[in-house]
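One-letter residues, chain by chain:
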Amino acid sequence: MTAPNGPGGSSGSDASGVDGNPGSTAGSGPVAPDPASGVAVPDGLADAVDADTGEGELERTIGLSGGLAIGIGTMIGAGIFVFPGLAAENAGPAASLSFAIGAVVALLVALPTSELATAMPRSGGGYFFISRGLGTAPGAVVGLGLWLGLVFASAFYLVGLGSYAGQVFLEAGIALPVDPAVPLGVAFGVGLTALSLFGTENTASLQNGIVAVLLVILTLFLSYGGLDALGVFGSERLPERFFPPGGLLPVLQTAALVFTSYLGFAQVATVAGDIKDPSRNLPLAMVASVLVVGVFYVVTVFVATSAFGSARLGEFGETAMVEVAREFMGFPGALAIVVAGLLATFSSANASILSTSRAVYAVSRDDLIPAAASRINLQYGTPHVALGLAGGPIVVLAATGQVELLAEVASFLHLVMYGLICVALIRLRREQPDWYVPSFRCPAGFAVAGCGALASFALIAFMQPASIGIGIAVMIAAYGWYRHYATDVELKGRF
Amino acid sequence: MTDTTPPDDTTRTETDRPAVLVPLAVLEGQSLPTGTPDLLANARVVLLGYHVIPEQTAAEQARAQFGETAMAKLEAFAGALANAGATVETRLVFTHDERTTIDRLIYEHECLAVLVPNGIERVESVLVALRGTVGVGRNTCLVAGLFAESDVDVTLYHALNESETIADGESFLNGVRADLVERGMDPERIEVVVEEAEAAVDAIARHGESHDAVVMGETDPSVTTFVFGMPSEQVAERFLGPVLVVQRERPEE
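Residues numbered from 1 in each chain as written. Chains lettered and ligands numbered in written order. Predicted model: local features only at pLDDT ≥ 70, side-chain atom pairs only at ≥ 80, totals over all residues. Heavy atoms only, no water.

Some points on the overall build of chain A
The secondary structure content of chain A amounts to 18 helices and one strand. When the 495 residues of chain A are sorted by exposure, 60% land in the buried category. Total accessible area on chain A is roughly 17300 Å²; 67% of this is exposed by carbon and sulfur atoms. (Helix = DSSP H or I, 4+ residues; strand = E, 2+ residues; numbered from the N terminus. Buried < 20%, exposed > 50% of the residue type's maximum accessible area, 1.4 Å probe, protein only. Areas by Shrake-Rupley, 256 points an atom, 1.4 Å probe, with all protein chains shown as cover.)

Structure (structure tokens):
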């Protein structure tokens, strides 16, 4: 008879450095092994995590392009296709500065997140880092907050998607008695949740394709619009005063509002457990996706505010970019942007719903909520309870149609997590636990993480009082749940 | 991995045994088909239990729920293979893409062939379809390794391509036969068939009907690896018996 399951007993000769190779005893088994033994191999991060604990290995199937597609695909929907009108109304042409501020904050957080993710390439992302680095209570607040933060973000994307779907009717000349954005958003929410529950089609390549198409359309459109705005051809457009009447304050408030456009980079970390060669691909995918979308956002707002006055843009609302395209390129331009907007908001909404279900799984795995939440349906192989816990509240929130509020609460809950990620980095670097062996080290770690934490918390201060109130209420509720249900769970340093 | 080589057999080391990957979708009810232990009695079997999970599910999540069940099933299959004499290594992988997994394991374990698992009653004769001289050494290595010490009859088959004559084909197969004999096969048990065939796949499937198992190569050596490349997949579907798909040599990384 054989005893074929021994971790480390399996063929040591084929140690070809490929992920998932057994040979290390650490892993995610039900019993936490001595952490020191897990990361003894310097390059063996993924090995350590994926090692066969007697219950099977995990295949890492997402490469760099897949990681970039997740990051860019999640982010690009909001900043370009929902926010320009709202942002310009609040901050004028300086809204491009607001987006740039957002990009800097996101980068300050993305670098520490990358370091933590290469030390702990596990599903759950920021929640995982904070619960392991700072302990159960902050972990629970962030974990439950991340679930609800993603619920708010998904609802926001759905309303954006609904707006673009409604725009299709407008372009087709079909008059509707009510604004279709919210009902359509709700319908898409139900549809996407059902798709995630029952769809077993391979959608990764579809997502990559959507992102590629989007980037091509946007590059063409923004190059044309940018050249036109600079007066290379056509008539030179007179720029209005850069700063809005209120000075810097509205710019910072707008930065807080549009920060939702940068929430996607951390989504890359939530699928860290599925990413190939995480030491290299995680930092690259996170930092590059922030840079790419940041540049697109800044240029978009510049082009948009050159085409119209800020007040005019604000009147166009969520679909302002369609009018910008119409101004530059007529009906074909408008059509291209409607299609691109549909694709972008669709991919953002879909990615966020999936991330939400993974966030539910992450807290359920750690017993912060009942284990039933991470049950998988054997027939479809999908986590039906977690998807329900994602889709249900998402649809309810989408029905409110409060775009700005949804966006800000989502940003609030994420910014709390981002700030704590930076704190976790500082703490882990100070304490140097023996399991903490990141293969990517954030340059000037303490300074970057310190600035990242300060910037994250500072941005919250510029939000509307209602958003801050809801955000704090969610955090208090999450802490209350932790005190009620999970006080005996110890997560710090647990793998 | 457990070394199950019989202790009295000192001439065979593990490296002599041809490595064969047997992929099974364990949680979808796929079990080790009848006859597989006999077919692979002399192999170093890499028994891969895999479970494909949709992208919306984290692989970890599936492992937490199904890992133990799947491993238990896999161990039972491993036991059956080991009892028949095979050396067995088991791997259980939760994956979003089984081709990536199978491909990686072929490479990690330096597998000569992958089994398309279909059941058989007995192993008495095997059809070996050969395309050409490129990589034919891997075919002979596999066939001799599996069947040299058994009493299985082997039929070497080559479908002529346009530029070849029957004499070319026969000299090719006779060369292969000589190689097999050198590796310990009984020349009496090797038959050689050369014919002109419009569609090689049809011909192989047709000939396969009078045999118990088929050994054939990967699709087109110029195409990137698809483990169950079209022709072998088609043959397996029509032939309904086990097909051993010989893998090309992998380039060193």
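Topic: the overall build of chain B
Each helix and strand in chain B was counted, giving seven helices and nine strands. Within chain B, buried positions represent 58% of all 253 residues. Long-range contacts, defined here as pairs at least 24 residues apart, represent 81% of the contacts in chain B between residues at least 6 apart. Surface summary for chain B: the accessible area is close to 10600 Å², and the carbon and sulfur share equals 48%. (Contact = heavy atoms within 4.5 Å.)

A short note on helix α14 (residues 320-365) of chain A
Residues and elements named next belong to chain A. If you check α14, its first and last C-alpha atoms are just 42 Å apart, much less than what 46 residues at 1.5 Å a residue would give, namely 68 Å. Along its length, α14 reaches its greatest deviation from straightness, about 145 degrees, at Met-329, and the proline Pro-332 lies no more than four positions downstream. Where burial is concerned, most of α14 is hidden: 33 out of the 46 residues are buried. (Expected span 1.5 Å × (residues − 1). Bend = angle between axes of the 7 residues up to and from the residue.)

Thoughts on unusual backbone geometry
One non-glycine residue, Asp-277 of chain A, lies in positive phi territory at about 45 degrees. Note that Asp-277 of chain A resides in the loop between α11 (265-270) and α12 (278-307). Residue class for Asp-277 of chain A comes out partly exposed when judged on its relative accessible area of 37%. You will see that Glu-110 of chain B, though not glycine, has its phi angle at about 50 degrees, which is positive. Structurally, Glu-110 of chain B is set in the loop between α3 (98-108) and β4 (113-116).

Topic: the environment of Gln-267 of chain A
Residue and element names in this part refer to chain A. With respect to the element layout, Gln-267 can be found in helix α11. By relative accessible area, which is 3% here, Gln-267 ends up buried. Separated by 200 residues in the primary sequence, Gln-267 and Gly-67 place their C-alpha atoms 9.2 Å from one another. When near neighbours in sequence (up to four residues on either side) are disregarded, Gln-267 contacts Ile-70, Thr-74, Leu-150 and Ser-355.

Describing the nonpolar core
Formed by 141 residues in total, the largest nonpolar core has its most connected members in Ile-76, Phe-265, Val-324 and Tyr-418 of chain A. Tallying contributions element by element places helix α16 (residues 403-431) of chain A first for this core, with 18 residues. One finds Leu-27, Leu-39, Val-154 and Leu-244 of chain B within the second-largest nonpolar core, a separate group that totals 58 residues. (Core = buried A, V, L, I, M, F, W, Y, C linked by side-chain atoms within 4.5 Å.)

As for the sheet that holds strand β8 (residues 213-217) of chain B
Read across the open sheet, the ten strands follow the order β1(A)-β3(B)-β2(B)-β1(B)-β4(B)-β9(B)-β8(B)-β5(B)-β6(B)-β7(B); overall the sheet is mixed. One side of each edge strand has no neighbouring strand; the edge strands of this open sheet are β1 (57-58) of chain A together with β7 (190-196) of chain B. Where strand β5 (residues 125-129) of chain B lies against strand β6 (residues 153-160) of chain B, five bridges are found, and the strand directions are parallel. Along β6 of chain B, the bridge assignment pairs Val-128 of chain B with Leu-156 of chain B. (Pairing = 2+ DSSP bridges.)

Considerations on the packing of helix α5 (residues 95-119) of chain A against helix α10 (residues 248-258) of chain A
Residue and element names in this part refer to chain A. Interaxial distance between α5 and α10 falls to 8 Å at its minimum, and their mutual angle equals 55 degrees. Considered as vectors, α5 and α10 are oriented oblique to each other. Classified by chirality, the crossing of α10 by α5 is right-handed. Here Leu-97, Ser-98, Phe-99 and Ile-101 of α5 come into contact with α10, specifically with Val-251, Leu-252, Thr-254, Ala-255 and Val-258. (Axes fitted to C-alpha atoms, helices over the stretch in contact; angles between N-to-C directions. Parallel < 35°, antiparallel > 145°, perpendicular 65-115°, else oblique. Left-handed = near helix turned anticlockwise from the far one by under 90°.)

Considering the pattern of salt bridges
Overall, the coordinates contain 19 salt bridges over all chains when judged by the stated rule. When the shortest N-O distance is used, the salt bridge between Arg-91 of chain B and Glu-57 of chain A registers 2.5 Å. Of the two residues, Arg-91 of chain B is situated in strand β3 (residues 87-95) and Glu-57 of chain A in strand β1; the pairing between them involves two chains. For the pair Arg-91 of chain B and Glu-57 of chain A, a shared accessibility class is recorded, and that class is buried. Ionic pairing is found between Arg-132 of chain A and Asp-366 of chain A, a salt bridge with its closest N-O pair at 2.7 Å. With a gap of 234 residues between them, Arg-132 of chain A in helix α6 (residues 126-134) and Asp-366 of chain A in the loop between α14 and α15 (384-400) connect regions that are remote in the sequence. Relative accessible area serves as the criterion here: at 1%, Asp-366 of chain A is assigned to the buried category. (Salt bridge = Lys/Arg side-chain N within 4 Å of Asp/Glu carboxyl O.)

Some remarks on the packing of aromatic side chains
Residue and element names in this part refer to chain A. Taken as a whole and assessed by the stated rule, the structure comprises 13 aromatic pairs over all chains. For the pair Phe-259 and Tyr-262, a centre-to-centre distance of 6.1 Å together with 40 degrees between the ring planes defines the contact as tilted. Across the pair, exposure class does not vary: Phe-259 and Tyr-262 are buried alike. Taken together, the ring pairs in this structure connect Phe-99, Phe-259, Tyr-262, Phe-265, Tyr-297 and Tyr-418 into an aromatic cluster. Above the plane of the ring of Phe-446 lies Arg-429, whose end atom (NZ or CZ) is 6.0 Å from the centre. (Phe/Tyr/Trp six-rings, centres within 6.5 Å; stacked < 30°, edge-to-face > 60°. Lys NZ or Arg CZ within 6 Å of the ring centre and 35° of its normal.)

Considering the pairing of strand β2 (residues 44-52) of chain B
All names here are of chain B. Burial within β2 is extensive, with eight of its nine residues counted as buried. Inspection of the sheet shows strand β1 (residues 19-24) paired to β2 by six bridges, in the parallel sense. Paired with Val-22 across the two strands is Leu-47, which belongs to β2. Strand direction decides the pairing type here: β2 and β3, joined by nine bridges, are parallel. Residue pairing in the sheet places Leu-47 in a bridge with Thr-90 of β3. This β-α-β element, β2 to helix α2 (residues 59-83) to β3, shows right-handed connectivity. (Right-handed = clockwise from strand over helix to strand, strands pointing away.)

Observations regarding the packing of α12 of chain A against α14 of chain A
Residue and element names in this part refer to chain A. Close contact between α12 and α14 brings their axes to 10 Å; oriented N to C, the two are set at 65 degrees. Judged by the sense of rotation from one axis to the other, the crossing of α12 with α14 is left-handed. Judged by residue contacts, Thr-300, Val-303, Ala-304 and Ala-307 of α12 engage Met-321, Val-324, Glu-327 and Phe-328 from α14. Considering only residue class, the contact of α12 with α14 consists of six nonpolar, one polar and one charged. (Nonpolar A, V, L, I, M, F, W, Y, C, P; charged D, E, K, R; others polar.)

Structural notes on the side chain of Ser-355 of chain A
By the element assignment, Ser-355 of chain A lies in helix α14. Ser-355 of chain A has contacts with Leu-150, Gln-267 and Thr-270 of chain A, leaving out every residue within four places of it along the chain.

Details of the confidence of the model for chain B
All names here are of chain B. Per-residue confidence for chain B averages 84 on the pLDDT scale, and 89% of its residues sit at or above 70. By mean pLDDT, helix α7 (residues 230-239) is the weakest element of chain B at 76, and β1 is the strongest at 94. When the criterion is pLDDT under 50, residues 1-14 qualifies, and its contacts beyond four places in sequence or with other chains add up to 31 contacts. Confidence drops under a pLDDT of 50 for residues 221-229, and excluding neighbours within four residues, the segment shows 26 contacts in the predicted structure. (pLDDT = per-residue confidence, 0-100.)

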